[in-house]
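# Geometric and topological summary
Okay, here's what each chain looks like letter by letter:
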Amino acid sequence: MARVGRDLKGRLVPSPCHELGCHPLDQMAERRLLILYGSQTGTAQDTAERIGREAKRRHFQCRVEALDSYDVANLINELLVVFVCATTGQGDPPDNMKMFWSFLFRKNLPPSSLCQMDYAVLGLGDSSYPKFNFVAKKLHKRVLQLGGNPLLPVALGDDQHDLGPDAVIDPWLLALWDKILALYPLPPGLEIISPDVRLPPKYTLHYLSEDSMHPDGDLLQPTAARAVPSELHPFAARMVSNQRVTAESHFQDVRLIEFDTVGSGITFSAGDVVMIQPQNCPEDVQQFCQLLRLDPDRSFLLKPTEPGTALPALLPQPCTIRHLVTHYLDISCVPRRSFFELLSYFSTNELEREKLQEFSSAQGQEELYSYCNRPRRTTLEALWDFPHTTSAIPPEYLLDLIPRIRPRAFSIASSLLAHPDRIQILVAVVRYKTRLSKPRRGLCSTWLASLNPEQGDVRVPLWVKKGGMKFPADPDTPVIMIGPGTGVAPFRAAIQERVAQGWKGNCLFFGCRQKSKDFYCQAEWEELVTKGFLTLFTAFSRDQEEKVYVQHRIQENRRLVWELLTSRSAHVYLAGNAKQMPAAVAEALQSVLQLEGGLSPSEAEKYLTVLEQTQRFQSETWS
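Residues numbered from 1 in each chain as written. Predicted model: local features only at pLDDT ≥ 70, side-chain atom pairs only at ≥ 80, totals over all residues. Heavy atoms only, no water.

Within an unreviewed UniProt entry, the label attached to the chain reads NADPH-dependent diflavin oxidoreductase 1, and the organism entered is Cairina moschata. Listed in UniProt under the heading Subunit (unreviewed entry), the comment for the chain reads: "Interacts with CIAPIN1; as part of the cytosolic iron-sulfur (Fe-S) protein assembly (CIA) machinery. Interacts with DCPS." Annotation of the chain in UniProt includes, under Catalytic activity (unreviewed entry), the sentence "2 oxidized [2Fe-2S]-[protein] + NADPH = 2 reduced [2Fe-2S]-[protein] + NADP(+) + H(+)". (UniProt positions renumbered as here; feature names shortened; annotations may be inferred.)

Written as structure tokens, this is what we have:
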């Protein structure tokens with residue numbers, strides 16, 4: 001009689017074999033590998049898919065899934081799992097593994113839950129952040145606690161390495177396959193599929209006949225309210241206004257943009273974030289179609305090559321080539337190594353093929369970095385450089401070759417109490433020079449800046465998610481907000497929210513270059529100061545000989561800062577660019593504690609750490 005047990009959610013299931021190294025024969029014959037990833041920017045997903053391709057070459061039945069798409073209750077039945085996880089922000093798990101994360105750390109999971117699992121964890125992080133690869137380290141430890149059997153020590157990929165995370169991933173993967181093939185040898189008569197052989201695409205593309213073609217209307221028609229808007233069901237919000245808030249003569253174009261969310265069911269608080277799904281500009285779409293000799297108006301259906309593979313959730317069926325390229329394929333992102341690897345298979349030109357193979361080899365990573373990453377060359381520009389290969393790309397490989405456009409996050413810069421049914425954001429339009437002749441442009445900010453609501457009905461797909469910053473619910477708790485540049489956005493929301501409820505005790509340190517050029521929302525702040533709702537300190541770094549930043553203003557006003565912190569239990573918030581500013585502000589706060597409170601340097605550091613741990617010092621920074 002078959003033994004039964006319970007799965008991780010307590011449901012009755014056939015019991016897995018619990019003796020170490022005892023793999024049931026049917027599982028052995030199937031040689032199954034599960035690859036689960038948590039990815040914020042797409043790098044962990046790209047790496048997980050790379051491992052999936054290598055598994056297919058070794059004849060494994062392989063599934064690659066985002067951690068939150070996987071039914072975690074089945075984990076107890078998995079014998080071989082590779083986890084690939086990024087760490088985001090201040091040591092947080094990526095959005096698409098948050099549910100898995102909270103489930104895995106439930107106190108009531110039995111310590112032997114995963115004792116039949118062989119596993120390996122690959123982390124992707126950035127060693128310039130204090131909690132480097134925190135998620136991967138913690139995951140590795142937790143699976144071990146639950147009885148898992150680690151095949152290798154946790155791998156810690158680092159963005160800061162000259163060659164990027166691949167410097168760690170390449171040797172780790174070689175060791176991983178040695179371990180896995182020792183446990184699951186190749187079936188008799190089968191060999192590893194040679195790297196010269198091209199694997200089939202994830203989907204096949206079936207063109208529809210001319211008479212069933214329909215010109216691509218914008219598929220984002222305003223829809224009747226349904227469930228709360230989300231990534232799979234964004235709300236097509238009407239853009240109400242798009243106003244430049246920096247002087248025309250200022251080098252940086254910053255916009256205050258307002259959306260109408262009537263009927264969406266969207267609610268939010270200060271500190272929350274709006275996600276916006278951008279699109280490629282018509283000129284780039286046209287260029288891409290010309291290069292690949294694609295008819296933008298052709299309609300097609302997608303079918304998965306392997307049964308059980310889900311279709312891309314965000315693509316309509318049928319779909320036109322124009323819609324696919326405009327709304328889905330990220331042709332403006334910097335291409336990754338996997339792009340050049342797949343591209344090399346289509347090359348009919350020897351010179352181009354050699355270069356592509358070099359870019360996809362471990363030895364060619366330095367060269368790839370200076371070709372792609374350093375000058376921020378886009379996928380579309382790289383395709384220009386390999387014209388023979390590009391014109392030979394089979395359309396069904398487009399979804400394997402080019403990642404999807406990821407949504408962008410913006411701090412909400414308004415409060416529903418002050419602006420009901422509206423969302424406002426502060427957007428710095430990203431534009432900078434590299435050694436390439438064309439300036440680099442941010443996909444989302446450039447697209448948003450180009451939209452003109454005065455010229456008709458402009459719709460932008462968006463949804464809201466919880467942010468990392470929480471403001472105090474007690475009206476008597478003062479808040480000290482430090483927000484240079486567009487870092488002031490979440491504080492504008494918080495101040496509006498607090499003022500609408502008649503709460504005082506709002507102290508803002510704002511920094512920018514020049515009072516006359518980039519002092520965003522100046523009139524608004526000055527009015528609140530006059531009415532007694534706001535204490536404002538400004539640092540205009542270029543308005544005098546010596547550069548003055550927010551950290552200098554904190555030190556100059558140390559008596560007030562000390563008083564608010566110690567006598568009135570103020571909360572401190574910091575938002576803005578992650579380069580030098582957060583460290584400089586932390587240093588300024590420590591010097592306040594030392595000079596006003598007589599603390600030693602180590603006591604001051606400890607005081608700040610306690611403020612962080614008790615959520616009285618919160619920061620949200622971005623690079």
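## A look at the overall build of the chain
The number of helices and strands found in the chain is 20 helices and 24 strands. Expected size for 623 residues packed as a compact globule is a radius of gyration near 25 Å; at 27 Å, the chain falls within 12% of this value. Expressed along its principal axes, the backbone C-alpha trace of the chain runs to roughly 80 × 60 × 50 Å. The 623 residues of the chain split such that 50% are buried. Relative to all contacts within the chain whose residues are 6 or more apart in sequence, the contacts with residues 24 or more apart total 76%. In the form shown here, the chain has an accessible surface area of approximately 29600 Å², with 52% of it arising from carbon and sulfur atoms. With 68 positive and 71 negative side-chain charges, the chain shows a spacing of 3 Å between the two charge centroids. (Helix = DSSP H or I, 4+ residues; strand = E, 2+ residues; numbered from the N terminus. Rg over C-alpha atoms; globule rule 2.2 N^0.38 Å. Buried < 20%, exposed > 50% of the residue type's maximum accessible area, 1.4 Å probe, protein only. Contact = heavy atoms within 4.5 Å. Areas by Shrake-Rupley, 256 points an atom, 1.4 Å probe, with all protein chains shown as cover. Lys, Arg positive; Asp, Glu negative; His and termini not counted. Charge placed at Lys NZ, Arg CZ, Asp CG, Glu CD.)

## Some thoughts on the sheet that holds strand β11 (residues 254–260)
Spatial ordering of the open sheet is given by β15-β12-β19-β10-β11-β16, a layout of six strands whose pairing is antiparallel. The open sheet terminates on both sides in strands that have one partner only, identified here as β15 (408–411) and β16 (422–428). Neighbour to neighbour, the strand axes of the sheet diverge by 40° on average, direction disregarded. Inspection of the sheet shows strand β12 (residues 273–276) paired to strand β19 (residues 459–465) by four bridges, in the antiparallel sense. (Pairing = 2+ DSSP bridges. Axes fitted to C-alpha atoms, helices over the stretch in contact; angles between N-to-C directions.)

## Overview of helix α15 (residues 489–500)
Between its terminal C-alpha atoms α15 stretches 17 Å, which fits the 16 Å expected from twelve residues at 1.5 Å a residue. For α15, the tally of buried residues reaches eleven of twelve residues, placing the bulk of the element in the interior. Among all positions in α15, only Ala489, Pro490, Phe491, Arg492, Ala493, Ala494, Ile495, Gln496, Glu497, Arg498 and Val499 are buried. Directly after α15, the chain includes Gly502, whose backbone phi takes a positive value near 75°. (Expected span 1.5 Å × (residues − 1).)

## Notes on the sheet that holds strand β9 (residues 203–207)
In spatial order, the strands read β9-β13-β14; together these three strands make up an open sheet with antiparallel pairing. Each end of this open sheet is capped by a strand with a single partner; those strands are β9 and β14 (319–320).

## Thoughts on the confidence of the model for the chain
Averaged over every residue, the pLDDT of the chain is 91; the share at 70 or more is 93%. Predicted confidence is poor over residues 12–28, with pLDDT under 50, and the contacts of this stretch with residues over four places away or in other chains come to 37 contacts. Note that residues 216–225 has pLDDT below 50 and, in this model, eleven contacts with residues that lie over four places away or in other chains. (pLDDT = per-residue confidence, 0-100.)

## Examining the pattern of salt bridges
Side chains carrying opposite charge are able to pair once their charged atoms draw close together. The full count for this structure, using the stated rule, is 29 salt bridges. A salt bridge links Asp457 to Arg459; the shortest N-O distance between them is 3.1 Å. The residue Glu596 makes a salt bridge to Arg558 at a minimum N-O spacing of 3.3 Å. Here Glu596 is found in helix α19 (residues 581–597), whereas its partner Arg558 is found in helix α18 (residues 558–567), with 38 residues between them in sequence. If you follow the salt bridges from partner to partner, you end up with Arg50, Glu54, Asp166, Asp170 and Arg337 in one network. (Salt bridge = Lys/Arg side-chain N within 4 Å of Asp/Glu carboxyl O.)

## Regarding unusual backbone geometry
With an omega dihedral of -10°, the bond running from Gln317 to Pro318 counts as a cis peptide bond. Mapped onto the elements, Pro318 comes out in the loop between β13 (299–304) and β14.

## Details of the environment of Ser602
For Ser602, the position within the fold is in helix α20 (residues 601–613). Placed 214 residues apart in sequence, Ser602 and His388 show a C-alpha to C-alpha distance of 62 Å.

## Let's talk about the packing of aromatic side chains
For any pair of aromatic rings, the description rests on two quantities: the centre-to-centre distance and the angle between the ring planes. Inspection of every chain in the model, using the stated rule, returns 16 aromatic pairs. The lysine or arginine in question, Lys504, covers the ring of Phe533, its NZ or CZ lying 5.3 Å from the ring centre. (Phe/Tyr/Trp six-rings, centres within 6.5 Å; stacked < 30°, edge-to-face > 60°. Lys NZ or Arg CZ within 6 Å of the ring centre and 35° of its normal.)

## Quick word on the packing of helix α6 (residues 282–291) against helix α7 (residues 321–328)
Running from N to C, α6 and α7 cross one another at 125°; their axes reach a closest spacing of 10 Å. When the axis of α6 is compared with that of α7, the two are oblique. Between α6 and α7 lies a crossing whose hand is right-handed. Each of Val285, Phe288 and Cys289 in α6 lies in contact with α7, whose residues at this interface are Ile321, Arg322, Val325 and Thr326. Tallied by class, the residues present in the contact of α6 with α7 amount to five nonpolar, one polar and one charged. (Parallel < 35°, antiparallel > 145°, perpendicular 65-115°, else oblique. Left-handed = near helix turned anticlockwise from the far one by under 90°. Nonpolar A, V, L, I, M, F, W, Y, C, P; charged D, E, K, R; others polar.)

## Digging into the UniProt feature "binding site: FAD" (unreviewed entry) in the chain
Mapped onto the present numbering, the UniProt feature "binding site: FAD" (unreviewed entry) falls at Arg376, Arg408, Ala409, Phe410, Ser411, Gly442, Leu443, Cys444, Ser445 and Trp622. Spatially, the listed residues are scattered: they cover 247 residues, and their C-alpha atoms lie as much as 25.1 Å apart. Tracing the backbone through its elements, the reader meets Ala409 in strand β15. Those residues within four positions of Ala409 in sequence are excluded, and the remaining contacts are Val273, Val274 and Met275. Checked against the element boundaries, Phe410 lands in strand β15. With near-sequence residues (within four places) excluded, Phe410 lies in contact with Val273, Val274, Ile276, Ile425, Val427, Cys444 and Leu448.

## So, the environment of Thr88
By secondary structure assignment, the location of Thr88 is in the loop between β5 (80–86) and α3 (98–104). Separated by 357 residues in the primary sequence, Thr88 and Ser445 have C-alpha atoms spaced 22 Å apart. Excluding residues that lie within four positions of it along the chain, Thr88 makes contacts with Gln40, Pro93 and Pro94.

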